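Results of the structural survey
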Amino acid sequence: MDKYRNQPDAVQALVREDQVHRDVYLSPEVFALEMEHLWRNTWIYVGHDSQVPTSGDFYTTTVATQPVILLRGEDAVVRVLMNRCAHKGAQLVSAPSGQCEGHLLRCPYHGWTYRLDGSVRSIPQKSGYDGTAFADSTAAQGVVVLQNIKNYRGFVFVRLAQSGPSFEEYFGDSLSSIDNMVDRAPGGRLEVAGGTLRYLHDCNWKMFIENLNDTMHPMVAHEAAAGTAKKLWAGQPDTMPKPMAVEQFLPFVNGYAFFEGMGVKLWENGHSYSGVKFSIHSQYAAEGEYETLMEQAYGAERARAILGEVRHNTVYYPSLTIKGAIQAIRIARPIAHDKTLIESVTFRLVGAPDHLLERTVLYTRLINAPTSVVGHDDRHCYRAMQQGLATDGNEWVSLHRNHDPVEREGMAGVYNGLSEVSMRGQFRAWARFMQPLKPTGESA
Amino acid sequence: MSTLHDPIALVYHEARLLDEQRFDEWYALYTDDALYWVPLTRGQPDGLLHTSLLYEDKLLLKIRVERFKSPHAFAQQPRSHGQHVLQAPQVDSVDAATGLTVLRTPFFYMESQRDESVLLSGVAWHHLLPTASGLRIRMKKVELVNCDAALPSIQLFP
């Protein structure tokens, strides 16, 4: 160990312009440093505010492996609290979601209670602390409430580090993908609906994130799954309406030219999306009733503009990936250097017909579930990398495809859809945020 | 197979075909409008507006079965193997008009792929319909006790 801790130069040397060293995936030490730096310095997705619709509602998850509670307070404000009793550290809430009994957080161990803003409400037999230094201790402050929090159109993010880029600096124009997903609701907002899939991956979290805009893999890795669907459907007459499942599977075996033409757009800080001009979601059947509702809500021109954006995956580096065009998101919850939980969450477009949610639910089940034939082949490839990278003789991972030295000037721009530029952009951000940042205001 | 008329025997037979990977014969046990449903949550009322682990019509089941035959189903290298251990199926209800028979079968199921295995358990509900060629499965609903666990890949049919 200690090949990388307190050795910032060794960490920086893991990333070259067009290659990365295997230790970014294989080293438990690098993983620990990622959780201490990259995942603290950047804005991490926690959950959606519709998961805690009323005061006292909670939803539990992790941020950078640390258990947290998304909680709606008496004042209706959504906060993120560390899921730790101020006393001896027991998790205050163990259920995935629910309502706080009596609008209090109560520790199951010694019965300390906290208000929904994290402050201490009561401690049993409190006189035992008289004459002690308790009042001056961190414990007396109550539950740790994260101060750097942003609720962006329902999507709640936190930055664990005290200082660093502001939310707006960090995400910039990439927020247009969230905007498009929300704008697709005639009612102007989203609600989490349809359940959460939890798919355990035995690979490094970055392999999953990199894959989201890896357009060179579908026609290979998913040939058996989507190719079989294509073959089975091939005999059907043209007049036969395509089932939604076939419509969703088929684009996965589109050729290279399709994915090349899609284009990939990058912003600074590792964010990107593919599907600039069109995407695998472009050819879905028209949704007449929904389109009418959209025109009523926004006017014909604006409705056409909103629905004309059919971005494929947008990566909000490092934790969140979204598919605005079908209202599904996937969240990377790292567990260890070789273990990652991928959560898939679906949304209802408020004011849209049920059929839109049905389409979303079908997609997430077919493509992202632990039972998905597409997911199986992705996960197989991630694991194959996790194991294959252990071999000696080549310690570097090639990200050369369409590399251009001009990228040194900045990553933002639109690129060939088959380029590995989104991965280079991610590692550029990785290297930057793996080191202590300058104080607030100087980091943009 | 075509002469199966005993609902309890059919439930055992279905599990055997799965575990012996006789998927084409297994597929033929299902009616054309059949559904294979593994809900994601307990008591899940619906599979269209709520995500399931499986909610598959015959076309989707066929894609799975045919995919297994492809040399490029990389996640099936090496092949997965499954084993159902069934408690005695019980007839839960019989509809006098249609002959639809519903059976309840608690089970353990292990799916193994070399060093990785996943253990699932729960109750399988078989909805069987009499047809001219014997009983057929109209719906199999598999309610898992560990449906809400973080799961690795489940590649065959629990």
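Shown above is the structure to which this text applies.
In this text, all values refer to a predicted model and were calculated from it rather than measured experimentally. (Residues numbered from 1 in each chain as written. Chains lettered and ligands numbered in written order. Predicted model: local features only at pLDDT ≥ 70, side-chain atom pairs only at ≥ 80, totals over all residues. Heavy atoms only, no water.)

**With respect to the overall build of chain A**
Along its length, chain A carries 16 helices and 20 strands. By the compact-globule yardstick of 22 Å for 444 residues, chain A fits well, its C-alpha radius of gyration being 23 Å. Principal axes of the C-alpha set define a box for chain A whose edges measure 85 × 55 × 40 Å. Going through the 444 residues of chain A one by one, you find that 57% of them count as buried. Across chain A, every contact between residues at least 6 apart in sequence was considered, and the portion connecting residues at least 24 apart equals 68%. (Helix = DSSP H or I, 4+ residues; strand = E, 2+ residues; numbered from the N terminus. Rg over C-alpha atoms; globule rule 2.2 N^0.38 Å. Buried < 20%, exposed > 50% of the residue type's maximum accessible area, 1.4 Å probe, protein only. Contact = heavy atoms within 4.5 Å.)

**Concerning the nonpolar core**
Counting residues in each nonpolar core, the largest one holds 79 residues, and the members touching the most others are Tyr25(A), Phe155(A), Phe157(A), Ile178(A), Tyr317(A), Ile329(A) and Trp430(A). Broken down by element, this core gets its largest block of residues, six residues, from helix α16 (residues 421-433) of chain A. Filtering out sequence-adjacent residues up to four positions away, Trp430(A) remains in contact with Val11(A), Leu14(A), Val15(A), Val24(A), Val30(A), Glu34(A), Leu38(A), Lys206(A) and Tyr317(A). Ala369(A), Tyr109(B), Leu120(B) and Ile154(B) belong to the second largest nonpolar core, which has 37 residues in total. (Core = buried A, V, L, I, M, F, W, Y, C linked by side-chain atoms within 4.5 Å.)

**Overview of the interface of chain B and chain A**
Each side of the interface is counted separately: chain B has 33 residues, and chain A has 37 residues. When chain B packs against chain A, the two sides together hide about 3000 Å² of surface, and 61% of this comes from carbon and sulfur. Applying the counting criterion to the chain B and chain A interface returns 17 residue pairs in polar contact (both at pLDDT 80 or more). Among the secondary structure elements, those contributing two or more residues to the side of chain B that touches chain A are β2 (52-56) and α3 (58-67) of chain B. Counting residues per element, the side of chain B that touches chain A draws most heavily on α3(B), at seven residues. Among the residues making up the side of chain B that touches chain A, the classes are represented as 17 nonpolar, 10 polar and six charged. (Buried area = accessible area lost by both parts, 1.4 Å probe. Polar contact = N/O pair within 3.5 Å; in protein donor to acceptor, adjacent residues only side chain to side chain. Nonpolar A, V, L, I, M, F, W, Y, C, P; charged D, E, K, R; others polar.)

**Remarks on the layout of surface pockets**
Residues and elements named next belong to chain A. Size it by volume and the largest pocket reaches roughly 800 Å³. The wall of the largest pocket is formed by 29 residues, among which Tyr 59, Pro 96, Thr 196, Arg 198 and Glu 343 lie closest to the centre. Only β3 (57-63), β12 (190-201) and β18 (339-349) provide two or more residues apiece to the lining of the largest pocket. As a volume, the second largest pocket reaches approximately 420 Å³. Considering the residues around the second largest pocket, the lining is formed by 19 residues, among which Asn 211, Asp 214, His 217, Met 385 and Met 423 are closest to the centre. At the level of secondary structure, the elements contributing two or more residues to the lining of the second largest pocket comprise α7 (205-211), α8 (218-221), α15 (373-388) and β19 (396-398). At five residues, the largest contribution of residues to the lining of the second largest pocket is made by α15. Of the residues contributing to the lining of the second largest pocket, the split by class is 11 nonpolar, three polar and five charged. (1 Å grid on protein atoms, 1.4 Å probe; cavity = no way out; pocket = protein on both sides within 12 Å on 5 of 7 lines; lining within 4 Å. Points joined across faces, edges and corners; volume = space filled by probe spheres on them.)

**With respect to the sheet that holds strand β7 (residues 105-106) of chain A**
Here three strands make up an open sheet; going across it, the order is β7-β8-β9 (chain A) and the pairing antiparallel. Because the sheet does not close on itself, it has two edges, and the strands there are β7 and β9 (120-122) of chain A. (Pairing = 2+ DSSP bridges.)

**Some details on empty space enclosed by the protein**
Applying the stated criterion across every chain yields a total of nine cavities of 30 Å³ or more. Counted as a void, the largest cavity has a volume near 180 Å³. Lining the largest cavity are 20 residues, with His217(A), Phe252(A), His312(A), Asn313(A) and Arg330(A) sitting closest to its centre. For the lining of the largest cavity, the secondary-structure elements that each account for two or more residues are α7, α14 (354-368) and α15 of chain A. Looking at the lining of the largest cavity residue by residue, the class counts come to 10 nonpolar, six polar and four charged. Put simply, the second largest cavity is a space of about 120 Å³. Around the second largest cavity, the lining comprises 15 residues; the ones closest to its centre are Arg379(A), Gln113(B), Glu116(B), Ser153(B) and Gln155(B).

**A look at the sheet that holds strand β10 (residues 149-152) of chain A**
All names here are of chain A. The sheet built from three strands is open, its strands ordered β2-β11-β10 with antiparallel pairing. Because the sheet does not close on itself, it has two edges, and the strands there are β2 (44-48) and β10. Strand after strand, the sheet turns through a mean of 25° between neighbouring axes, direction not considered. Summarising the sheet, β10 and strand β11 (residues 155-158) pair through four bridges and their orientation is antiparallel. Its bridge partner lying in β11, Tyr 152 is registered against Phe 155. Packing of helix α6 (residues 175-183) onto the sheet brings it into contact with β10 and β11, and relative to β11 it is tilted by some 155°. (Axes fitted to C-alpha atoms, helices over the stretch in contact; angles between N-to-C directions.)

**What to know about the packing of aromatic side chains**
Evaluated as defined, the whole model comprises 30 aromatic pairs over all chains. Taken together, Trp43(A), Tyr45(A), Tyr152(A), Phe155(A), Phe157(A), Phe167(A), Tyr170(A), Phe171(A), Tyr316(A), Phe347(A) and Phe433(A) form an aromatic cluster joined through their ring pairs. Over the face of the ring belonging to Tyr27(B) we find Lys58(B), whose NZ or CZ atom lies 4.2 Å from the ring centre. Cation over ring: Lys62(B) sits above Tyr27(B), and NZ or CZ is 4.9 Å from the ring centre. (Phe/Tyr/Trp six-rings, centres within 6.5 Å; stacked < 30°, edge-to-face > 60°. Lys NZ or Arg CZ within 6 Å of the ring centre and 35° of its normal.)

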